[in-house]
Amino acid sequence: MSNPGDYDAVRKDIASLLKQPEYDDGSAGPVLVRLAWHSSGTYDAETDTGGSNGAGMRYEAEGGDPANAGLQHARVFLEPVKSKHTWVTYSDLWTLGGVEAIKQMGGPEIEWKAGRTDFVDDSKLPPRGRLPDGAQGADHIRFIFYRMGFSDQEIVALSGAHNLGRCHSDRSGFHGAWVNNPTRFSNTYFRLMMSLNWKEKTLDNGVRQFVHYDEDADEELMMLPTDLALLSDPSFKPWVELYAKDRDRFFEDFAKVFAKLIELGIERDEKGGITNIDNEKGGYHS
Ligand code: ZEM
């Protein structure tokens, strides 16, 4: 137990659970980043529904969305942190988990604010199907991310998260990692996207992805159709080129857009207090 509001204590415990020698590439970090993203990425600006507040993924309607397959691993990794710091809300914990994991994996510091509640407001629940489908192209990417209020530049910056982690056949049907060192945050994803020769491959399960095989590497690298759509689209491409060249600019832009992602649907006053949720109905407020 820690004092309510001691988020540094929570961060410390997140940092110390990242090392998981038996899991994937030895780190819980990438799947924590995906949890933060999927908990936020259901937002629809027009109807002001979805988003990280409410931690709806705890329930079948959202948690059982096939797009969220595998994210129970991330929630299980974080459970001891929740048991120890009972005052922290799941919605704060899941977003902070992503932020702290990125920092620990060598990425930028991302602004994070507390105050989300775990009260599920039925009028804000997102329908399934709000998250992107990796098998599609640029039109689909824009449809999904414009709905949240992101620009083309922000879409490309956010996509740089694919420096981390991997695809699992039993979760998404895709297979493999984008880079050779997928537990280290960097701009390698953009550099490899531009420099390698990507070949289309149909996996045994019928799923189509792009691969690059290098004799010196341990395993084939991969790109989703949506990843390579960034390179063939005239408005996305200049940002891929910039981020491949300029690591610092990528870190700076990524930090800004990830901070925006985890604030979707949340309105705050000047002191940072959330103004558009019912404080009576749960959640901790400092
Ligand atoms: Zn992802 N992502 N993503 N993504 N993603 C996967 C894995 C990870 C898309 C997508 O279909 C997939 C963003 C955008 C988009 C991460 C972060 C972010 C996987 C593999 C797929 C299929 C899942 C599996 O099998 O386990 C699509 C289509 C996207 C946009 C067009 C954004 C934005 C992200 C964060 C800012 C991360 C970290 C992973 C690795 C997860 C892991 O378990 O290793």
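Residues numbered from 1 in each chain as written. Predicted model: local features only at pLDDT ≥ 70, side-chain atom pairs only at ≥ 80, totals over all residues. Heavy atoms only, no water.

Some thoughts on the environment of glycine 107
What counts is decided by this rule: Working definition: helices are DSSP H or I runs of at least four residues, strands are E runs of at least two. Numbering for both runs from the N terminus. For each residue, the accessible area found with a 1.4 Å probe, counting protein chains only, is set against the maximum for its type, and the residue is called buried under 20%, exposed over 50%, and partly exposed in between. When checking whether two residues touch, look at their non-hydrogen atoms; a contact exists if any pair is within 4.5 Å.
Tracing the chain through its elements places glycine 107 in the loop between α5 (90-104) and α6 (138-148). On the basis of relative accessibility, which here comes to 15%, the residue glycine 107 falls in the buried class. If sequence neighbours within four positions are ignored, glycine 107 has contacts with Ile102, Phe185 and Phe251.

Remarks on the confidence of the model for the chain
To be explicit about the condition: Here pLDDT means the predictor's own confidence in every residue, given as a number from 0 to 100.
Per-residue pLDDT for the chain has a mean of 95; in total, 97% of the residues score no lower than 70. Within the chain, the element-level pLDDT minimum falls on helix α3 (residues 60-63), averaging 95, and the maximum on helix α7 (residues 152-159), averaging 99. Below a pLDDT of 50 lies the segment residues 282-286, which in the model reaches 13 contacts outside its immediate sequence neighbourhood of four places, other chains included.

Points about the coordination of the zinc atom of the ligand
Just so we agree on the cut-off: Only N, O and S atoms count as donors, using a 2.8 Å cut-off from the metal and 3.2 Å for Na, K and Ca, and because water is excluded some sites may appear unfinished.
For the zinc atom of the ligand, the protein supplies a single donor, His162 (NE2), at a distance of 2.2 Å. By the secondary structure assignment, histidine 162 is in the loop between α7 and β1 (166-167).

Brief notes about the pattern of salt bridges
Counted only if it meets this: Take a side-chain nitrogen of Lys or Arg and a carboxyl oxygen of Asp or Glu: if they are within 4 Å of each other, that pair is a salt bridge.
Summed over the entire model, instances satisfying the criterion amount to 19 salt bridges. Across the pair lysine 124 and aspartate 48 runs a salt bridge, and its minimum N-O distance is 2.8 Å. Pair noted here: lysine 124 is in the loop between α5 and α6 and aspartate 48 is in the loop between α2 (29-40) and α3, with a separation of 76 residues, a long-range link. In this structure, arginine 268 and glutamate 263 form a salt bridge, with 2.7 Å as the shortest nitrogen-oxygen distance. Taken individually, arginine 268 and glutamate 263 each receive the classification buried, so the pair is uniform in this respect. Through salt bridges with shared partners, one network takes in Asp92, Arg116, Glu263 and Arg268.

Examining the packing of α7 against helix α10 (residues 237-245)
For the record, the criterion: Lines are fitted to the C-alpha atoms to define the axes, a helix being fitted only along its stretch in contact, and any angle between axes, read from their N-to-C directions, falls within 0 to 180 degrees. Just so you know how the angles are binned, under 35 degrees is roughly parallel, over 145 roughly antiparallel, 65 to 115 roughly perpendicular, and the rest oblique. Handedness of a crossing follows from how the near helix is turned relative to the far one, being left-handed for an anticlockwise turn of less than a right angle and right-handed for a clockwise one. The classification used treats Ala, Val, Leu, Ile, Met, Phe, Trp, Tyr, Cys and Pro as nonpolar, Asp, Glu, Lys and Arg as charged, and all other residues, Gly among them, as polar.
Relative to each other, α7 and α10 sit at 45°, their axes nearing to 9 Å. Taken together, α7 and α10 sit at an angle that is classed as oblique. Remark: the crossing between α7 and α10 carries right-handed chirality. For the pair formed by α7 and α10, the contact residues are Gln153, Val156 and Ala157 on the first element and Trp239, Val240 and Tyr243 on the second. When its residues are assigned to classes, the contact of α7 with α10 shows five nonpolar, one polar and no charged.

Some details on α7
In terms of residue burial, α7 counts as a mostly covered element, since eight of its eight residues are buried. Those residues of α7 that fall on the buried side of the exposure criterion are Asp152, Gln153, Glu154, Ile155, Val156, Ala157, Leu158 and Ser159. On its buried face, α7 is in contact with α6, α8 (188-195), α9 (225-232), α10 and α11 (247-261).

Digging into the packing of aromatic side chains
What describes a pair of aromatic rings is the distance from one ring centre to the other and the angle between the planes of the rings. Under the convention used in this document: Pairing of aromatic rings covers Phe, Tyr and the six-membered ring of Trp, with a centre-to-centre limit of 6.5 Å; geometry is then stacked below 30 degrees between planes, edge-to-face above 60, and tilted otherwise.
Applying the stated rule across the entire model yields 17 aromatic pairs. Judged by centre distance (5.6 Å) and plane angle (10°), the rings of phenylalanine 185 and phenylalanine 250 are stacked. Placement of the pair is phenylalanine 185 in the loop between β2 (176-177) and α8 and phenylalanine 250 in helix α11, with a sequence separation of 65 residues. Accessibility assignment for this pair places phenylalanine 185 and phenylalanine 250 in one class, buried. Taken together, a centroid distance of 5.1 Å and an interplanar angle of 80° make the contact between phenylalanine 190 and phenylalanine 250 edge-to-face. On the criterion of sequence distance, the pair formed by phenylalanine 190 in helix α8 and phenylalanine 250 in helix α11 is long-range, its members being 60 residues apart. Residue class for phenylalanine 190 comes out buried when judged on its relative accessible area of 0%. You can call phenylalanine 250 buried: its relative accessible area is 0%. Three or more aromatic residues link up through ring pairs in this structure, and these residues are Phe185, Tyr189, Phe190, Trp239, Tyr243, Phe250, Phe251, Phe254 and Phe258.

A few points about the site of the ligand
Keep this limit in mind: Throughout this document, a residue counts as near a molecule or strand when at least one of its heavy atoms sits within 4 Å of that molecule or strand. Any pair of nitrogen or oxygen atoms within 3.5 Å is treated as a polar contact; in protein, a donor-acceptor pairing is required on top of that, and neighbouring residues in sequence qualify only through side-chain atoms on both sides. Domain start and stop points were drawn from an automatic or database domain assignment.
The environment of the ligand is made up of 24 residues, and the closest members are His162, Gly165, Arg166, His168 and Ser172. Between the ligand and the protein, one listed contact pairs a nitrogen atom with a side-chain N or O atom of tryptophan 37 at 3.2 Å. Between arginine 166 and the ligand, the recorded distance is 2.9 Å, taken from a backbone N or O atom to an oxygen atom. Elements supplying a minimum of two residues to the shell around the ligand: α2 and β1. Each of domain 1 (7-131 + 257-281) and domain 2 (138-254) gives at least three residues to the shell around the ligand.

Quick word on the pairing of strand β4 (residues 208-212)
To keep things clear, this is the line we draw: Whether two strands pair depends on DSSP finding at least two bridges between them.
Within β4, four of the five residues are buried, which leaves it mostly tucked inside the rest of the structure. With four bridges connecting them, strand β3 (residues 199-202) and β4 associate as antiparallel partners. Following the sheet pairing, lysine 199 is matched in β4 by valine 211. Where β3 folds back onto β4 in an antiparallel hairpin, the turn is made up of five residues, including glycine 206, whose phi is positive at roughly 90°.

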